[in-house]
Amino acid sequence: MTDGRVLLVAGGSGSVGSAIAREALAEGWKVAVHGRSEDKVHALVAGLSDQGTIDGFIADIREDEAAETLVAEVAEHFGRIDAVIDCTACGPMGITGLFPETSPDVFTDFLDVSVGWFERLAHAAYTFLAQEGGTLIAFVSDAGIHAARRQTLVGAARAATIGFIRNFAIEAAHDGIRAHAISPSYVAETEISRRKGTEFMSRVSRRAGLGLPTPEDIAPIALFLCGDRARRITGQVISINGGLNA
Ligand SMILES: NC(=O)c1ccc[n+]([C@@H]2O[C@H](COP(=O)([O-])OP(=O)(O)OC[C@H]3O[C@@H](n4cnc5c(N)ncnc54)[C@H](OP(=O)(O)O)[C@@H]3O)[C@@H](O)[C@H]2O)c1
């Protein structure tokens, strides 16, 4: 039972976020869906508005005060925020690659739009999540858990978000807030997988004994973590990778 609870999906106009928005409406959540491109957010809202209460919010997370403004707008519009799931994916080119070929400037930028953004979002949403016992979820990546070549910078930034979640969770539990990280490795049927190309994705997919997850596989798990049945769980990092990493 969600009792009209409100979910903010940051980066909700993307592949995983839009699957979460769709599933959340089916489960009775009211959904605030955020993205950078107005066209994408409006198209998603228009496509889902017959399935429940959903509204769109536009903000570029690189702008000053983006997290505070976004959270304030959602709270003003819906009157409450019970869960926040961050699905934003943005970073400079060159964040993956052999370490000597990467630039420290790229790393600083990625830290700001990954762990920095998420910390600002968590900070802005904290008092709302504390009101009724809410949930905060960060999407990270298996690069933050499993070492691999060409992933040094991504792995370091994602590990920072995981460290944030685990420490935050212990403290925030005293205010009734739960926090988790969801860690995909590769996700099939996404914009990112389309950019990587069929040949690359087929090769990775053969290594995943259970098959790579799609956004529709991931969405119910994120919402389970936000629901009452997960009320005694916090601080977990859930890898969803079809058996690629363990
Ligand atoms: N897909 C994968 O294979 C994969 C693998 C490992 C981890 N992950 C992680 O899983 C999460 C979801 O991935 P996804 O596949 O759904 O990504 P996606 O389809 O690329 O969606 C990214 C979302 O972030 C938004 N965004 C990007 N830059 C922004 C900015 N500057 N300001 C505001 N919003 C911005 C996008 O909005 P616009 O489109 O309007 O820019 C979109 O809503 C991400 O954290 C990603 O790193 C994904």
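Description of the structure in this document. Quick caveat, the model's predicted, so the values are computed rather than measured. For every chain, the first residue of its written sequence is number 1, and the numbers climb from 1 along that sequence. Whole-chain, interface and lining totals are the exception, using all residues; otherwise, since this is a predicted model, local features are given only for residues with pLDDT of at least 70 and side-chain atom pairs are given and counted only at 80 or more. Excluding hydrogens and water, the side-chain figures rest on all heavy atoms present in the structure.

Section: the nonpolar core
In these notes, a set of buried Ala, Val, Leu, Ile, Met, Phe, Trp, Tyr and Cys residues joined through side-chain atoms within 4.5 Å is what counts as a nonpolar core. Burial status follows relative accessibility: with a 1.4 Å probe on protein chains alone, a residue under 20% of its type maximum counts as buried, one over 50% as exposed, and anything between as partly exposed. Of all hydrophobic cores here, the largest spans 42 residues; its most connected members are Leu8, Val74 and Leu121. The numbering of helices and of strands both runs from the N terminus, where a helix is a DSSP run of H or I of at least 4 residues and a strand a run of E of at least 2. For this core, the secondary-structure elements that each account for two or more residues are strand S1 (6-10), helix H3 (66-78), helix H4 (104-132), strand S5 (135-139), helix H5 (152-172) and strand S6 (178-184). It is H4 that provides the largest number of residues to this core, a total of 10 residues. Pairs of residues are marked as contacts when any of their non-hydrogen atoms sit within 4.5 Å. Those residues in contact with Leu121, other than ones at most four positions away along the chain, are Leu8, Ala10, Ala67, Leu70, Val71, Val84 and Asp86. Within the second largest apolar cluster, 30 residues are counted, among which are Val9, Trp29, Val31 and Ile54.

Some details on the pairing of S6
It is a general feature of regular strands that their side chains alternate between the two faces of the sheet. Across the seven residues of S6, seven count as buried, placing the element largely inside the fold. Every second residue of S6 is oriented toward a common face, with Arg178, His180, Ile182 and Pro184 on one face and Ala179, Ala181 and Ser183 on the other, all of them buried. Following DSSP output, two strands are said to pair if at least two bridges run between them. Of the strand pairs in this sheet, S5 and S6 are connected by five bridges, and their pairing is parallel. Note that in S6 the partner of Ala138 across the bridge is Ala181. Here is how to tell: hold the view so the strands point away, follow the path from the first strand over the helix to the second, and if it runs clockwise the crossover is right-handed. Where the polypeptide runs from S5 across H5 and back to S6, its parallel neighbour, the crossover connection is right-handed. With five bridges connecting them, S6 and strand S7 (residues 236-240) associate as parallel partners.

Side note on the packing of aromatic side chains
Pairing of aromatic side chains requires ring centres within 6.5 Å, counting the rings of Phe and Tyr and the six-membered ring of Trp. Pairs whose planes differ by under 30 degrees are stacked, by over 60 edge-to-face, and all others tilted. Enumeration according to the criterion identifies five aromatic pairs in this entry. Between Tyr126 and Phe168, the ring centres sit 5.8 Å apart and the planes meet at 85 degrees, which makes this aromatic pair edge-to-face. With Tyr126 in helix H4 and Phe168 in helix H5, the pair connects residues that are 42 residues apart, well separated along the chain. In textbook terms, an aromatic cluster arises when at least three aromatic residues are bridged by ring pairs, as seen for Phe118, Tyr126, Phe164 and Phe168.

Focus on the site of the ligand
Contacts to the ligand come from 26 residues, most closely from Ser13, Val16, Ser37, Lys40 and Arg158. Whenever two N or O atoms come within 3.5 Å, that pair is a polar contact, provided that in protein one can donate a hydrogen and the other can accept it, and provided that, for residues adjacent in sequence, both atoms are side-chain atoms. Contacts to the ligand include Gly14, whose backbone N or O atom sits 3.1 Å from an oxygen atom. Coverage of the ligand by the protein chains reaches 92% of its 900 Å² of free accessible surface. Residues are sorted three ways: Asp, Glu, Lys and Arg are charged, Ala, Val, Leu, Ile, Met, Phe, Trp, Tyr, Cys and Pro are nonpolar, and all the rest, Gly among them, are polar. Its residues assigned to classes, the shell around the ligand comprises 12 nonpolar, 10 polar and four charged. What makes a residue near a molecule or strand is one non-hydrogen atom of that residue sitting within 4 Å of it. Using a 1.4 Å probe, accessible areas were evaluated by the Shrake-Rupley method; residue-level cover was limited to the displayed protein chains.

Some remarks on the pattern of salt bridges
Here, a salt bridge means any side-chain nitrogen of Lys or Arg that lies within 4 Å of a carboxyl oxygen of Asp or Glu. Going through the model one piece at a time under the given rule, you end up with six salt bridges. With its nearest N and O atoms 3.7 Å apart, the salt bridge here joins Arg22 to Glu216. Residue Arg22 is located in helix H1 (residues 15-26), and its partner Glu216 is located in helix H8 (residues 215-226); the two are separated by 194 residues in the primary sequence. Exposure remark for Arg22: the relative accessible area of 34% places this residue in the partly exposed category.

Purely geometric numbers; function is a separate question.
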